[in-house]
Amino acid sequence: YQRRVREAVVSTQSTGAMKKVLIGGGSGQIGRYIVDRLVKAGHHVTIATRSKARQAIAIQFMEKNPEKFRTIPPQGCISWKDIKKNGLPLGTDVVINLTGHTIGALGLWTRGLRDKITSSRIGPTSDLVAAIKSSAEPPECFISASAVGVYENGNSKVFTEQDDPTPTGKSTYFTKLCKKWEETSELPSEIPTRLVNARFGVVLGHDTEPMALLLPGTMAASIPITIGNGTQPFPWIHMDDAVSAVIAMMDQETGLSGPVNVVAPNVNTNTDLAHALGKACLCVDKPIPTLSGMYRLLYGTERADNILLDSPRVAPGRLVESGFEFAHPELEGAIKALVQEIVSNPIGGADQWFTRAYQKKEKSCK
């Protein structure tokens, strides 16, 4: 059975039948890597955007200057206004919803920011559900993002998809947000579209948050740090595996539906991350703890306490059961792979600085 699942995933990524895919959030941190993989595999990808004209210009620029980008653009774009008015593009096979304002950006934790984070997830999800419900030929699959924030913190339990996300009733803004996000994505039973709620952990890409800050920061300081005392869980997944997981969800043969935890198979802590960063950046492997109060000041107490200073322990139960194979199951290997992506093909000034610093340290170690 697992062999058939692996073959199904490979066929979807390479030689399988071309699918028409609509992606909300296709220009975001995870979305652009999914677009890149799907287009290279021969699928037709359209992304939903607030400004169709502006996105069309961006696509043209990427096509004319491929050396400036690590990913390739989609074949087309459609405005959210058009989706609300006219529904899904004709013949859409798969809808992927990755919309949402970033949660981890530095700044005050205000009511306005909370409202923006909520509306940027609930609104587009509701629009896509309405478009699917009104479609004469509904898509085969609807993959809608969620997050491991649906699970409560402060629990020694390792959560899988079968568990009650909040067994002790510890609800926070984040658990409530994820629950509402998933509830909004639900489809009536008469709609044949298969729904998958992708509960993402922290997705590690060298040019996406938080690695875009942590990698150069560790390299510059020459010593890794932990957030607070570093004992808090760190549910993560490498970008390559996150993209592969989403593509696996597209294929009916994998049998994936309902909530799916998109995390690596090993449960790690923030201290594990600090050690991995130090080793990958050729630094002294002695992480320094930082004050928890600093993060509460910079990000707000509610956000810092529930995202940075604590997280749930999460396992990828359904991915493992489906036969999914992780390319980067170990945190240390995943961080090393990110560093090698930069130094093997530096794009832009930040990458070039990082590469020079890495090569200088590498030479001094010999």
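Please refer to the structure placed before this passage.
Source: prediction; values computed, not measured. (Residues numbered from 1 in each chain as written. Predicted model: local features only at pLDDT ≥ 70, side-chain atom pairs only at ≥ 80, totals over all residues. Heavy atoms only, no water.)

Engineer: Help me understand empty space enclosed by the protein in this model?
Structural biologist: If a probe as big as a water molecule is rolled over the atoms, it shows which places are left empty. Enumeration according to the criterion identifies one cavity of 30 Å³ or more in this entry. Of the volumes computed, that of the largest cavity is approximately 50 Å³. Forming the boundary of the largest cavity are Pro233, Phe234, Pro235, Trp236, Val263, Ala264, Asn266, Val267, Asn268, Pro312, Arg313 and Val314. For the lining of the largest cavity, a count of residues per class yields nine nonpolar, two polar and one charged. (1 Å grid on protein atoms, 1.4 Å probe; cavity = no way out; pocket = protein on both sides within 12 Å on 5 of 7 lines; lining within 4 Å. Points joined across faces, edges and corners; volume = space filled by probe spheres on them. Nonpolar A, V, L, I, M, F, W, Y, C, P; charged D, E, K, R; others polar.)

Engineer: What am I meant to see in the environment of Phe354 here?
Structural biologist: Turning to its location among the elements, Phe354 is positioned in helix 14 (residues 348-365). Relative accessible area serves as the criterion here: at 2%, Phe354 is assigned to the buried category. On a C-alpha basis, the gap between Phe354 and Gln75 in space is 32 Å, while along the polypeptide they are 279 residues apart. (Helix = DSSP H or I, 4+ residues; strand = E, 2+ residues; numbered from the N terminus. Buried < 20%, exposed > 50% of the residue type's maximum accessible area, 1.4 Å probe, protein only.)

Engineer: Is there a simple way to think about the pattern of salt bridges in this case?
Structural biologist: Pairing is possible between side chains of opposite charge, provided their charged atoms come close. Inspection of the entire model under this criterion finds nine salt bridges. Of the charged contacts, one joins Asp207 and Arg32 as a salt bridge, the two residues approaching to 3.4 Å between their closest N and O atoms. Separated by 175 residues along the polypeptide, Asp207 in the loop between strand 8 (202-204) and helix 7 (211-221) and Arg32 in helix 2 (residues 31-40) bring together distant segments of the chain. For Asp207, a relative accessible area of 27% translates into the label partly exposed. In this structure Arg32 comes out as partly exposed when scored by relative accessible area, which is 22%. Here the residues in one salt-bridge network are Lys279, Glu332 and Lys336, joined through shared partners. (Salt bridge = Lys/Arg side-chain N within 4 Å of Asp/Glu carboxyl O.)

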